[in-house]
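Structural characterization, general
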Amino acid sequence: MSTKRMLLIIALIGLIAAYFGLNLGRFLSLDYFKSQQEAIESWRAARPVAAALLYFVAYVAVTGLSLPGAAVMTLVGGAVFGLLWGLLLVSFASSVGATLAFLASRFLLRDWVQQHFGDRLRAINEGVAKEGGFYLFTLRLVPAFPFFVINLLMGLTPMKTRTFYWVSQLGMLAGTLVYVNAGTQLAKIESLSGILSPGLLGSFVLLGIFPLIAKKIVEAVAAKKVYAGWQKPAHFDRNLLVIGGGSAGLVTAYIAAAVKAKVTLVEKHKLGGDCLNTGCVPSKALIRSAKLLSHIRRAPEFGIRDAKADFDFAEVMQRVQRIIQTVEPHDSAERYTSLGVEVIEGTAKMVSPWEVDIVRNDGRNERLSARSMVIAAGARPFVPPIPGIEEVGYLTSDTVWELRQLPARLVVLGGGPIGSELTQAFARLGAKVTQVEMAPRLLMREDTEVSELVAQRFRDEGIAVLLNHKAKQFTIEGGEKILIAEHEGQDVRIPFDAVLVAVGRVANLKGLRPGGTAHYRQSHGRNKRIPADPLPQHLRRRRRRRSLSVHPHGSPPGVVCGGQRAVRPVQEIPR
């Protein structure tokens, strides 16, 4: 560490220690000000320039050292100097002090932070370089975070000092005005009755509603940027248009119709989506049959001397289809039409934030406009490009329900929730199952104890759980299918009859938009995330609810946005 940095650190520590050690904070309280108000105002009247200069320096010191008390000093500035001069002094003093804190953070910490965490901060640095001024303006206008934290963190980014200064001064101006105005009213309190004066009450109402007004302003600016380049229709055909008829799409359409909105739901395949057709309902039905067989095999544990079951795998899978058919009417087009939802079978492509081109399954084309749109297109299984996988053939959580013959040897690629539940179900139905996971444990999003408990249970039930095994290649040798996996630098050969791929899911975005209509980003991991959005997260959530016409939702909820796949509660599945 350089001598300059060391001296600056010592000086800062000394000043902060003196502030707390000498209890200087007692001078930055409203009680102290009220007790000395007359003397302070008299001194200010006798020496206005000296008073203003002293106040300015003290305010810069408090904000530059990130000490508590800036809010009180702002109120005092309004009380002592009035609205105009108080606003002028506080605006410049707060901006100068914030910039000093920004520079101190940059001088002391930025190089070290960027050196050690530069790779992780690359996306943040790029965002600040591109939209840093808007980021900062938003944070200044909407007081969601303490300003001293913003000063210090921004110093770690590549933002230019002059940009930080003028954006801070502009962004804090409205809030400074509200606080200084409140301070002018505090100065007028002479008795308890003054607390109820209209001026003071109005000032505090402004303090309360200012964050809400600021959010509206930021949302308006964000919406203007998002909608730039498109012509908004003069009138709309629908209040809401939902793309995708899975769990999220159906619930969204139902709620909108319940409040008498004019709703259209577009689905190109089957209503009910993954949950009804390939996910929650069939998987829980299969698990129920597998669990029964497990209990029968464990009959002595329940005090039953002997119990046996004679079953056919094809009949078990037929039962799964019967249960789907039992639930299906609840998600049918007829039911939702009766609830007030227009259901269209076809594909939809967004042509603007408010318009969609629809190609019906019968070949008819139409364009509909809507005030709001919900993308609930869901996700599909991700199949990794492993050499040989197409030649040997594979199953996914979408196609496994077509099986009518139990594979003698089943390899399951993936140790997540879907792979794990199907691993155990097929093992209990009599297959010899090998579960291959490249991570060091199953169910990586769960606690370590849960992963270990599940893995041990699987092994107790005869399942081969291979962790830290990376699938490299599929091959066929002498008519036998073989998976070659890498483990600790060595190849492991795993013969099998069928392979089930359950390594993650990818969002269904293909065909939803022409070039340039909406911008999405897909990462190369197992979970795909959308959208790529330049706004801070707290504003992004808000903007999705209010400002934008397009709201990405998973179907099942959470899949498109990268969350865990949703499941229907077990008690709702017919037994």
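This write-up is about the structure you can find in this document. Quantities reported herein were computed from a predicted structural model and do not represent experimental measurements.

Summed over the entire model, instances satisfying the criterion amount to 13 salt bridges. The salt bridge partner of Glu366 is Arg360, with a shortest N-O separation of 2.7 Å. As a salt-bridge pair, Glu461 and Arg457 come within 3.0 Å of each other at their nearest N and O atoms. Taking the relative accessible area as the measure of exposure, Glu461 reaches 24% and is therefore partly exposed. For Arg457, a relative accessible area of 33% puts it in the partly exposed group.

Let's shift gears to the environment of Phe311. Relative to the elements of secondary structure, Phe311 occurs in the loop between helix H11 (280-297) and helix H12 (313-327). Note on Phe311: relative accessible area 32%, which makes it partly exposed. Residues Phe311 and Leu293, 18 residues apart in the sequence, show an inter-C-alpha distance of 9.3 Å. Setting aside residues up to four positions removed in sequence, Phe311 forms contacts with Leu293, Val316 and Leu429.

Pairing between sheet strands relies on hydrogen bonds along the backbone, with the strands arranged either parallel or antiparallel. Strand order in this open sheet of three strands is S10-S11-S12, and the pairing throughout is antiparallel. Edge positions in the sheet fall to strand S10 (470-477) and strand S12 (490-496), since each has one partner strand and no second. Averaged over all pairs of adjacent strands, the angle between their axes in this sheet comes to 25°, without regard to strand direction. As paired strands, strand S11 (residues 480-487) and S12 are joined by seven bridges and run antiparallel to one another. Looking at S12, one finds that His487 is bridged to Gln490.

Let us look at unusual backbone geometry. Backbone geometry at Asn468 places phi at a positive 55°, although glycine is not the residue there. The backbone phi angle of Glu488 is positive, close to 55°, even though this residue is not glycine. The residue Glu488 is located in the loop between S11 and S12 in this model. Since its relative accessible area comes to 70%, Glu488 is described here as exposed.

With that settled, the discussion passes to a negative patch on the surface. On the surface, a cluster of negative charge is made up of Glu446, Asp447, Glu449 and Glu452. Its location among the elements puts Glu446 in the loop between strand S8 (432-436) and helix H16 (448-460). Overall, the relative accessible area of 36% leaves Glu446 in the partly exposed class.

With five of five residues buried, strand S2 (residues 263-267) lies mostly within the body of the structure. Burial along S2 is two-sided: Val263, Leu265 and Glu267 facing one way and Thr264 and Val266 facing the other are all buried. Bridge analysis of strand S1 (residues 238-243) against S2 gives four bridges, and the strand direction is parallel. Opposite Leu240, over in S2, you have Val263 as the bridge partner. This β-α-β element, S1 to helix H9 (residues 247-258) to S2, shows right-handed connectivity. Looking at chain direction, S2 and strand S3 (residues 341-350) are connected through five bridges and run parallel. Bridge pairing in S3 links Glu267 to Glu345.

What counts, and at which threshold
- Residues numbered from 1 in each chain as written.
- Predicted model: local features only at pLDDT ≥ 70, side-chain atom pairs only at ≥ 80, totals over all residues.
- Heavy atoms only, no water.
- Salt bridge = Lys/Arg side-chain N within 4 Å of Asp/Glu carboxyl O.
- Buried < 20%, exposed > 50% of the residue type's maximum accessible area, 1.4 Å probe, protein only.
- Helix = DSSP H or I, 4+ residues; strand = E, 2+ residues; numbered from the N terminus.
- Contact = heavy atoms within 4.5 Å.
- Pairing = 2+ DSSP bridges.
- Axes fitted to C-alpha atoms, helices over the stretch in contact; angles between N-to-C directions.
- Patch = residues over 30% accessible without salt bridge, like charges linked within 9 Å, V, L, I, M, F, W, Y side chains within 5 Å.
- Areas by Shrake-Rupley, 256 points an atom, 1.4 Å probe, with all protein chains shown as cover.
- Lys, Arg positive; Asp, Glu negative; His and termini not counted.
- Charge placed at Lys NZ, Arg CZ, Asp CG, Glu CD.
- Right-handed = clockwise from strand over helix to strand, strands pointing away.

So yeah, pure geometry; function would need other evidence.
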